[in-house]
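# Summary of structural features
Chain residues, written in single-letter form:
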Amino acid sequence: NEDPNPVRITAEEPVSTFSVDVDTASWSILRSSLMAGRLPPAEAVRIEEMVNYFPYAYPAPEPGTDPFRATVTLTQTPWNPDTQLLRIGLQGEMPALDDRPPLNLVFLVDTSGSMQDPDKLPLLKQSFRLMLSELRPEDQVAIVAYAGSAGRVLDPTPASDRATILSALDRLEAGGSTAGQEGLELAYATAEAMAEGGQIGRVILATDGDFNVGLSDPGALEDYIADKRDSGTYLSVLGFGRGNLDDATMQALAQAGNGQAAYIDTLAEARKVLVDQLTGALFPIAGDVKVQVEFN
């Protein structure tokens, strides 16, 4: 539903500026729809997220040099012999995991009635179990659940105390309406209480996308999350299930929170997002990044 990009004459307009954003939800939604034998909704088809979904093994910058390294290739356009295709790939530095500061995670879990399907809350629990195995003993985890009203299911707990964390996860059950605003407020308050100098704070919102109680206006939600982002706590959004999934809101909230939006439809996708790509998803190396390309 977007207007086609016009042709730009680079001799007249040589500079292009855009922000760096690496959401991947579109590909997972597309795949899930096709595997179920139906076409995806038009608004879920976002080319840049499909491109960003896959790894490309771009060379990383040398340690101690620039935080990013660019890989630029120019090739014949496969579908148009009269044009060439320019690809610019960016690879950020890969911080050594042993050197990273402790991570404070607040899982904000939607436990409303719509989350009881097998591909929602049950898959969410399995997904977080996978992620827990990747955390270090000095990392901390808290869990906030919301449905009708919000409550803290797990106080901040060292990641090494797996039994306590897994027990809290297992107690989560779906039921009630969706008090998204109250849940966000409690999650951020928990994250701020956990924060110490140099530590990374992250709220991970896991939902089927239904915010039907409280601050349900997407614009107001974005403003609230952007204000909290400036205090040092980022927000990432994980979508589960398809019944109520408001894909556009999910993506907008993650962008406002300086985090990523991903859609998890299988345990394999959970492993990709929460295990294989954990470092890139949770440990920022820069903020508010803009890229400028000049055809000179």
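Structural notes, computed from the coordinates. All figures in this text were calculated on a predicted structure; none of them were measured in a lab. (Residues numbered from 1 in each chain as written. Predicted model: local features only at pLDDT ≥ 70, side-chain atom pairs only at ≥ 80, totals over all residues. Heavy atoms only, no water.)

### Let's talk about the overall build of the protein
The following threshold applies: A run of H or I in DSSP counts as a helix once it spans at least four residues, and a run of E counts as a strand once it spans at least two, with each numbered from the N terminus. Exposure is judged per residue with a 1.4 Å probe applied to protein chains only, and the accessible area is read against the type maximum: over 50% gives exposed, under 20% gives buried, and values in between give partly exposed. Contacts between residues were defined by any pair of non-hydrogen atoms, one from each residue, lying within 4.5 Å. All accessible areas in this document rest on Shrake-Rupley with a 1.4 Å probe, and a residue is counted as covered only by the protein chains that are shown.
Secondary structure summary: the protein contains 9 helices and 10 strands in total. Scored against the burial criterion, the 296 residues of the protein give a buried share of 42%. Within the protein, contacts between residues at least 6 apart in sequence are counted, and of these 74% link residues at least 24 apart. For the protein, the exposed surface amounts to about 15,300 Å²; the carbon and sulfur share of it is 51%.

### With respect to the pattern of salt bridges
Short version of the rule: Salt bridge, as used here: a side-chain nitrogen of Lys or Arg that lies within 4 Å of a carboxyl oxygen of Asp or Glu.
What the rule picks out here adds up to 10 salt bridges. In this structure, Asp-155 and Arg-152 form a salt bridge, with 2.8 Å as the shortest nitrogen-oxygen distance. Among the residues examined, Arg-152 registers a relative accessible area of 40% and is labelled partly exposed. With its nearest N and O atoms 3.5 Å apart, the salt bridge here joins Glu-192 to Lys-228. Placement of the pair is Glu-192 in helix 5 (residues 180–194) and Lys-228 in helix 6 (residues 218–229), with a sequence separation of 36 residues. Salt bridges linked by common partners bring Arg-31, Asp-265 and Glu-269 together as one network.

### Describing a nonpolar patch on the surface
How we decide: A patch is a set of surface residues, each over 30% in relative accessible area and not in a salt bridge, joined within 9 Å for like charges and within 5 Å for the nonpolar side chains Val, Leu, Ile, Met, Phe, Trp and Tyr.
A contiguous nonpolar patch, built from Val-20, Val-22, Val-72, Leu-74, Leu-86, Ile-88, Leu-90 and Phe-295 and spanning about 660 Å² of accessible area, is present on the exposed surface. Among the elements of the structure, strand 2 (68–76) and strand 3 (84–92) are those that each provide at least two residues to the nonpolar patch. When residues of the nonpolar patch are assigned to their parent elements, the largest contribution, 3 residues, is made by strand 3. Relative to the helices and strands, Leu-74 resides in strand 2.

### Comments concerning the environment of Glu-48
If you trace the backbone, Glu-48 turns up in helix 2 (residues 47–53). Glu-48 gets classed as partly exposed once you look at its relative accessible area, which sits at 41%.

### Some words on the pairing of strand 10 (residues 290–294)
Selection criterion: Paired strands, as defined in this entry, are two strands with at least two bridges between them according to DSSP.
Residues Val-291 and Val-293 of strand 10 are buried on one face, while the alternating residues Lys-290, Gln-292 and Glu-294, pointing to the opposite face, are not. In this sheet, strand 10 lies alongside strand 1 (residues 15–19) in antiparallel orientation, the contact comprising 5 bridges. Looking across to strand 10, one finds that Ser-19 is bridged to Lys-290.

### Quick word on the nonpolar core
We count it as follows: Each nonpolar core is a collection of buried residues, namely Ala, Val, Leu, Ile, Met, Phe, Trp, Tyr and Cys, held together in the definition by side-chain atoms within 4.5 Å.
Within the largest apolar cluster, 34 residues are counted, with the highest numbers of intra-cluster contacts made by Phe-107, Val-109, Leu-124, Phe-128, Val-141, Ile-143 and Leu-238. Elements supplying a minimum of two residues to this core: strand 4 (103–110), helix 3 (121–132), strand 5 (140–147), helix 4 (162–170), strand 7 (200–207), strand 8 (233–240), strand 9 (261–264) and helix 8 (267–276). Among the elements that line this core, the one with the most residues is helix 3, at 7 residues. Discounting chain neighbours no more than four positions away, the residues touching Val-109 are Leu-121, Leu-124, Phe-128, Ile-143, Val-144, Ala-145, Tyr-146, Leu-172 and Ala-206.

### Quick look at the environment of Ala-254
Mapped onto the elements, Ala-254 comes out in helix 7 (residues 247–256). When the C-alpha atoms of Ala-254 and Leu-235 are compared, they prove to be 5.9 Å apart, with 19 residues separating the residues in sequence. Residues contacting Ala-254, with those up to four places away along its chain left out, are Leu-235, Val-237, Gly-259, Gln-260 and Ala-261.

### Notes on the packing of aromatic side chains
Aromatic ring pairs are described here by two measures, namely the spacing of the ring centres and the angle between the planes. What counts is decided by this rule: Only rings of Phe, Tyr and Trp enter the pairing, Trp through its six-membered ring, and a pair is recorded when the two centres are within 6.5 Å. The plane angle decides the type: under 30 degrees is stacked, over 60 is edge-to-face, the rest tilted. Working rule: Lys NZ or Arg CZ, within 6 Å of ring centre, within 35 degrees of ring normal, means a charge sits over the ring.
Within this structure, the stated rule accounts for 6 aromatic pairs. Considering the side-chain rings of Trp-27 and Tyr-53, the 6.0 Å spacing of their centres and the 35° angle between planes classify their relative orientation as tilted. In this pair, Trp-27 is assigned in helix 1 (residues 25–35) and Tyr-53 in helix 2, connecting sequence segments 26 residues apart. Residue class for Trp-27 comes out partly exposed when judged on its relative accessible area of 27%. Note that Lys-272 overlies the ring of Tyr-53, its terminal NZ or CZ placed 3.8 Å from the centroid.

It is worth stressing that arrangement in space is one thing and function is another; only the former is reported here.
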